[in-house]
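Here's the letter readout for the chains.
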Amino acid sequence: MKDSRRRSTGAQPPQKSTPSANYRNRVNIQRDRAGASSDDEHQQNSEDENGLPNIQLEDLVGMIQNTEKNILLLNQARLQALEHADKILKEKEALQQEINILEIKLSEKGAQSELSSKGMSDAEVLDFDVLKEENMLLKDDITFFKAKLIEITETEESLFKLEKERALLDASLRELECAFIAAQSDMLKLGPMQHDAWWEKVENLEELLESTANQVEHATLVLDGYHDFQDKVDKLEASLGATNISEFCLYLVDVLKKRVKSIEERFQACNHEMHSQIELYEHSIVEFHDTLSKLIKESEKKSMEHYAEGMPSEFWSRISLLIDGWSLEKKLSNNDASILREMAWKRDIRLREAYLSSRGMTERELIDSFLKMALPGTSSGLHIVHIAAEMAPVAKVGGLADVISGLGKALQKKGNLVEIILPKYDCMQHNQINNLKVLDVVVQSYFEGNMFANKIWTGTVEGLPVYFIEPQHPGKFFWRAQYYGEHDDFKRFSYFSRVALELLYQSGKKVDIIHCHDWQTAFVAPLYWDVYANLGFNSARICFTCHNFEYQGTAPAQDLAYCGLDVEHLDRPDRMRDNSHGRINVVKGAIVYSNIVTTVSPTYAQEVRSEGGRGLQDTLKIHSKKFVGILNGIDTDTWNPSNDRFLKVQYSANDLYGKSANKAALRKQLKMSSANASQPLVGCITRLVPQKGVHLIRHAIYKTAELGGQFVLLGSSPVPNIQREFEGIADQFQNDNNIRLLLKYDDALSHMIFAASDMFIVPSMFEPCGLTQMIAMRYGSVPVVRKTGGLNDSVFDYDDETIPMELRDGFTFLKADEQGFDSALERAFNYYHRKPEVWKQLVQKDMKIDFSWDTSASQYEDIYQRAAARARAAT
Ligand code: ADP
């Protein structure tokens, strides 16, 4: 086609068409048209003149005019075709982009479909929401694509029309060419002038033709491109069909449906299970309520039974404190108070019922209801008042504190009315006191020529009724953040002793036994007999226990006067003057003035009759009839490995697992080596004072290390150079994970050490009783002790054949030197390593020994009774 058109231009090379040329052509065509009528006339004339047929020229002019029209039409068609072509090109580009996106998606879907078909789990391949979203996008794409296809089809139709027009144009062009050839030959017959003009016109026409041909050619190219594009679209449609998007979608829908179905099924199953669980739960709630009401009824029944048997000591202590309070506040007469007190002490059921039904009553109504029952009664028990400087666990420094609560509780259990009077220290463990309250009364007491007010607080400690005295003295005697060690200790405790008696005196109590302890309350004995007995307060008998003859409370004689004692009367060798110097000695005074004098172990009682008496041996000999040694017990409620709250694991003699568990726990807590569970652990808990054999304790640390054991020391010293010395040793062993020195007071830690240790050392120079060896045995830690004082009464050497086998419970040594200690410790290590079965039996035997206060309290009760009987006989 192209070739034929080129050929049609003939020998004349086509002139390049330019916009100005086109304009010129148009002007020429118009001018030609304008001149056509005159030319027609001229032609008619010239036909006549030149003899050429007129009809031929007219035809030629008509043909040219037609050609002009056709060219115009062609031009319009060309512009339209160009517009279409541009549009198509843009659409093609857009579609191409769509196709690319679709192709990417298809390949992705294809990969997913492949994964699904490979049988990967639904959960891995499909995420319900993502698939749903993708499916929607795909759907949108397909809809869009379809719309585009419709558009393309429409474009195809318009192109088809265009093609038809082009064919028509081709045909008319061919006609034109034929006519042109004919016209050319006719032109040859025309004159040269006309020839030039016509030639120019023909040239213009040729140019026009050429440019039209170019346009047509361009349109053909576009058309060809469109055909390619059409092919691509066809292919795409085919590939769309082949990749089976709809099939994939159907697959997805199918999977999703299945998933929805399984979710529905699971939901129903869950629902069902939930309902049955709720039913079960409702059922168990009903059961729980039933059991709870049964338990409540049972507990009510039990508590009624309990009430019938008697209320706990705590209850009776509160009642007696209540009565004492009313008596001191003068709400009760002394006589009524003493009757009610006795009823409380005898645990009179009527008092209990009156108190229990007092809810909502005023204090006056309660007093009246109590008074109705105030009838005299008799009792075989005793009214015992302990006046002391310590009481465990509220104010504890050492063994004295344990004795006060342990003996007090044991005596109370035996049916005695036991009361304690303590200073109200600022540093005491207030959280160990129940129902602490201040009485609405102040007790005035004499001191240094003046009367001083004292606040009286009451509360219960370990179920015992306790009075705490808070002096309103400017000396702030018990606001020192420590119990002892103050420069004015003599003043502080002589003051306290006086107020304690004043309190008893003012309360009008008919006390049987006033039991004072150690030098701090030794003032009570001379004060009672020299001051209060003269005031008519003389029903009581005084018991004095010296827990340690090392501390005797000496001072210049005149200091006795502070608390109202008569110095002249007492500063005598047979009374209170110290046996070796001119000072007065309070412990000596107590020995002289008490009805009963005791110390804390039989062996120590023996020892103090000689040089162990620290100068008081002669006095003790003089008063030997009233002097007795009674071995302390331990508070088996506080020291009980089967319910000790400080332990990691509780245990008993029959179940020793807990012992090794506590050992492991302590090692961990103190960052000690745990490599060898059977490496023996040696414990020591003590005040670091010369009495406790400080040099042997120090030696024991090195000896234990040498024997391949572990050592834990818990203790502190009131003596600065001893404290410093042990701090140095602690530093020395800082990086040794077998030795730990804890230079402090720590009650909780002491429980853990007793439980964790395999052996326990007490190498004392002298030991009035010693509690730690007994506590150690109760916790299955075998004692290694020096044969002295109470240690000699409680620890019997395992290898001593002079002692019955059943009594042998530890390892002892006599000489207070390193060799003596070494021999005992080495024997203990030998048994531990070489005879583990024997060792285990020894541990179990020690744990079963009865160190309770029961036996000791009976002995005290016995001597109290005899003294009280003598007192009754005297009145
Ligand atoms: P003492 O001569 O000190 O009265 P005892 O053996 O009669 O000696 O009583 C000592 C009491 O004090 C025991 O209950 C012991 O556990 C306790 N104790 C001593 N030192 C400490 C300490 N550092 N931390 C905790 N408790 C201690």
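Residues numbered from 1 in each chain as written. Predicted model: local features only at pLDDT ≥ 70, side-chain atom pairs only at ≥ 80, totals over all residues. Heavy atoms only, no water.

**Quick notes on the overall build of the protein chain**
Part 1 of the reasoning: In terms of regular secondary structure, the protein chain is built from 29 helices and 17 strands.
Part 2 of the reasoning: Within the protein chain, buried positions represent 48% of all 875 residues.
Part 3 of the reasoning: Restricting to contacts in the protein chain with at least 6 residues of sequence separation, those with at least 24 account for 74%. (Helix = DSSP H or I, 4+ residues; strand = E, 2+ residues; numbered from the N terminus. Buried < 20%, exposed > 50% of the residue type's maximum accessible area, 1.4 Å probe, protein only. Contact = heavy atoms within 4.5 Å.)

**Some points on the packing of aromatic side chains**
Part 1 of the reasoning: Tallied over the full model, the rule gives 35 aromatic pairs.
Part 2 of the reasoning: Summarising the aromatic geometry, the rings of Phe-315 and Trp-316 are spaced 5.1 Å apart at their centres and angled 85° between planes, so their arrangement reads as edge-to-face. Both residues of the pair, Phe-315 and Trp-316, count as buried.
Part 3 of the reasoning: An aromatic cluster is defined as three or more aromatic residues linked by ring pairs; in this entry it consists of Tyr-425, Phe-478, Tyr-483, Tyr-484, Phe-493, Phe-496 and Trp-519.
Part 4 of the reasoning: Positioned over the ring face of Trp-457 is Lys-424, at 4.4 Å from the centre of the ring.
Part 5 of the reasoning: Its guanidinium or amino end placed over the ring of Tyr-562, Lys-491 lies 4.9 Å from that ring's centre, counting from NZ or CZ. (Phe/Tyr/Trp six-rings, centres within 6.5 Å; stacked < 30°, edge-to-face > 60°. Lys NZ or Arg CZ within 6 Å of the ring centre and 35° of its normal.)

**Regarding the side chain of Ser-757**
Part 1 of the reasoning: With respect to the helices and strands, the residue Ser-757 is situated in the loop between helix H24 (747–756) and strand S15 (759–762).
Part 2 of the reasoning: Here Ile-753 takes part through its backbone oxygen, which lies 2.8 Å from a polar atom of the side chain of Ser-757.
Part 3 of the reasoning: Among the polar contacts listed, one links the side chain of Ser-757 to the side chain of Ser-781, at a separation of 2.9 Å. (Polar contact = N/O pair within 3.5 Å; in protein donor to acceptor, adjacent residues only side chain to side chain.)

**Quick word on the pattern of salt bridges**
Part 1 of the reasoning: In total, this model carries 29 salt bridges according to the counting rule given.
Part 2 of the reasoning: Put simply, Asp-324 and Lys-509 hold a salt bridge, and the shortest N to O gap is 2.5 Å. Residue Asp-324 is found in helix H9 (residues 313–328), and its partner Lys-509 is found in the loop between helix H14 (489–507) and strand S6 (513–517); the two are separated by 185 residues along the sequence. The residues Asp-324 and Lys-509 share a single accessibility class, namely buried.
Part 3 of the reasoning: A salt bridge links Glu-419 to Lys-509; its shortest N-O distance comes to 2.9 Å. Here Lys-509 lies in the loop between H14 and S6 and Glu-419 lies in strand S2 (residues 417–423), a separation of 90 residues in the sequence. Comparing Glu-419 with Lys-509 shows no difference in burial state: the two are buried.
Part 4 of the reasoning: Taken together, the shared-partner salt bridges in this structure form one network comprising Asp-324, Arg-341, Glu-419 and Lys-509. (Salt bridge = Lys/Arg side-chain N within 4 Å of Asp/Glu carboxyl O.)

**Digging into the sheet that holds strand S13 (residues 710–716)**
Part 1 of the reasoning: Read from one edge of the open sheet, six strands run S14-S13-S12-S15-S16-S17, paired in parallel fashion. Only two strands of the sheet have a single partner each, and these edge strands are strand S14 (739–742) and strand S17 (811–813). Direction aside, neighbouring strands of the sheet carry axes that sit 15° apart on average.
Part 2 of the reasoning: Summarising the sheet, strand S12 (residues 681–687) and S15 pair through two bridges and their orientation is parallel. Counterpart to Val-682 in the pairing with S15 is Met-759.
Part 3 of the reasoning: Packing against the sheet, H24 makes contact with S12, S13, S14 and S15, and its axis sits at approximately 145° to S12. (Pairing = 2+ DSSP bridges. Axes fitted to C-alpha atoms, helices over the stretch in contact; angles between N-to-C directions.)

**Some remarks on the site of the ligand**
Part 1 of the reasoning: Taken together, 19 residues lie near the ligand, and Lys-396, Gly-399, Arg-687, Lys-692 and Lys-744 sit nearest.
Part 2 of the reasoning: Relative to its unbound accessible surface of 550 Å², the ligand loses 93% to contact with the protein.
Part 3 of the reasoning: Among the elements of the structure, helix H13 (399–413), S12, S13, H24 and helix H25 (772–778) are those that each provide at least two residues to the shell around the ligand.
Part 4 of the reasoning: Taken domain by domain, the shell around the ligand gets at least three of its residues from each of domain 3 (383–629) and domain 4 (656–851). (Near = heavy atom within 4 Å. Areas by Shrake-Rupley, 256 points an atom, 1.4 Å probe, with all protein chains shown as cover. Domains from an automatic or database assignment.)

**A short note on the sheet that holds strand S11 (residues 627–629)**
Part 1 of the reasoning: Ordered by their spatial adjacency, nine strands build an open sheet running S3-S4-S5-S2-S1-S6-S7-S10-S11, and the pairing between neighbours is mixed. For this open sheet the edge positions go to strand S3 (434–447) and S11, each flanked by a neighbour on one side alone. Looking at each pair of strands side by side, their axes are set apart by 25° on average, direction ignored.
Part 2 of the reasoning: Bridge count for strand S10 (residues 596–599) against S11 is three bridges, and the pairing is parallel. Each residue of the ladder has a partner; that of Thr-599, found in S11, is Gly-629.
Part 3 of the reasoning: Along the sheet, helix H18 (residues 586–593) makes contact with strand S7 (541–546) and S10, crossing S7 at roughly 140°.

**Describing the pairing of strand S4 (residues 450–461)**
Part 1 of the reasoning: Bridge analysis of S3 against S4 gives nine bridges, and the strand direction is antiparallel. Residue Val-438 lies in a different strand from S4, and its bridge partner there is Trp-457.
Part 2 of the reasoning: Hairpin connection of S3 to S4: two residues between the antiparallel strands, including Glu-448 at a positive phi of 50°.
Part 3 of the reasoning: Pairing geometry for S4 and strand S5 (residues 464–471), over eight bridges, is antiparallel. Opposite Asn-454, over in S5, you have Pro-471 as the bridge partner.
Part 4 of the reasoning: Between the antiparallel neighbours S4 and S5 lie two residues, among them Glu-462 with a positive phi of about 55°.

**Describing the pairing of S2**
Part 1 of the reasoning: Of all seven residues making up S2, seven are buried, and the element is well covered by its neighbours.
Part 2 of the reasoning: Residues Leu-417, Glu-419, Ile-421 and Pro-423 of S2 are buried on one face, and the alternating residues Val-418, Ile-420 and Leu-422, pointing to the opposite face, are buried as well.
Part 3 of the reasoning: The sheet contact formed by strand S1 (residues 383–387) and S2 spans five bridges and is parallel. Bridge pairing links His-386 to Ile-420 in S2.
Part 4 of the reasoning: Regarding topology, H13 serves as the crossover connection from S1 to the parallel S2, and that connection is right-handed.
Part 5 of the reasoning: Strand direction decides the pairing type here: S2 and S5, joined by four bridges, are parallel. Considered in S5, the bridge of Ile-420 is made with Val-466. (Right-handed = clockwise from strand over helix to strand, strands pointing away.)

**Quick notes on helix H23 (residues 720–732)**
Part 1 of the reasoning: Look at H23: 18 Å from first C-alpha to last across 13 residues, which is about the 18 Å you get at 1.5 Å a residue.
Part 2 of the reasoning: When H23 is considered as a whole, its buried residues turn out to be Ile-722, Gln-723, Phe-726, Ile-729 and Ala-730. Down the axis, H23 shows its buried residues gathered within 120° of arc, on one side only. Turned more than 90 degrees off the buried face of H23, the exposed positions are Pro-720, Arg-724, Asp-731 and Gln-732.
Part 3 of the reasoning: Against the buried residues of H23 lie helix H22 (694–706), S13 and S14. (Expected span 1.5 Å × (residues − 1). Arc of directions from axis to C-beta.)

**Looking at the nonpolar core**
Part 1 of the reasoning: Ile-421, Ile-514, Phe-549 and Tyr-864 are the most contacted members of the largest nonpolar core, which has 101 residues in total.
Part 2 of the reasoning: Sorting elements by how many residues they give to this core places H14 first, with nine residues.
Part 3 of the reasoning: For Ile-421, the residues in contact, after removing those within four places along its chain, are Val-385, His-386, Ile-387, Ala-388, Tyr-467, Ile-469, Phe-496, Ala-500, Leu-503 and Leu-504.
Part 4 of the reasoning: Val-600, Leu-741, Phe-760 and Phe-811 belong to the second-largest nonpolar core, a separate cluster that totals 71 residues. (Core = buried A, V, L, I, M, F, W, Y, C linked by side-chain atoms within 4.5 Å.)

**Digging into the confidence of the model for the protein chain**
Part 1 of the reasoning: Across the protein chain, the average pLDDT comes to 83, with 77% of residues at or above 70.
Part 2 of the reasoning: Segment residues 1–53 is flagged for pLDDT under 50; beyond a separation of four residues in sequence, or across chains, it makes 52 contacts in the model.
Part 3 of the reasoning: Within the model, pLDDT remains below 50 along residues 304–308, and this stretch shows five contacts once partners closer than five positions in the same chain are excluded. (pLDDT = per-residue confidence, 0-100.)

**What about unusual backbone geometry?**
Part 1 of the reasoning: The peptide bond linking Ala-392 to Pro-393 adopts the cis configuration, its omega dihedral lying at 0°.
Part 2 of the reasoning: Turning to its location among the elements, Pro-393 is positioned in the loop between S1 and H13.
Part 3 of the reasoning: Here Lys-476, not a glycine, exhibits a phi torsion of approximately 40°, which is positive.
Part 4 of the reasoning: Within the fold, Lys-476 resides in the loop between S5 and H14.
Part 5 of the reasoning: Within the chain, Asp-518 stands out as a residue other than glycine whose phi angle is a positive 60°.
Part 6 of the reasoning: Among the structural elements, Asp-518 can be located in helix H15 (residues 518–521).
Part 7 of the reasoning: The exposure class assigned to Asp-518 is buried, which follows from its relative accessible area of 11%.

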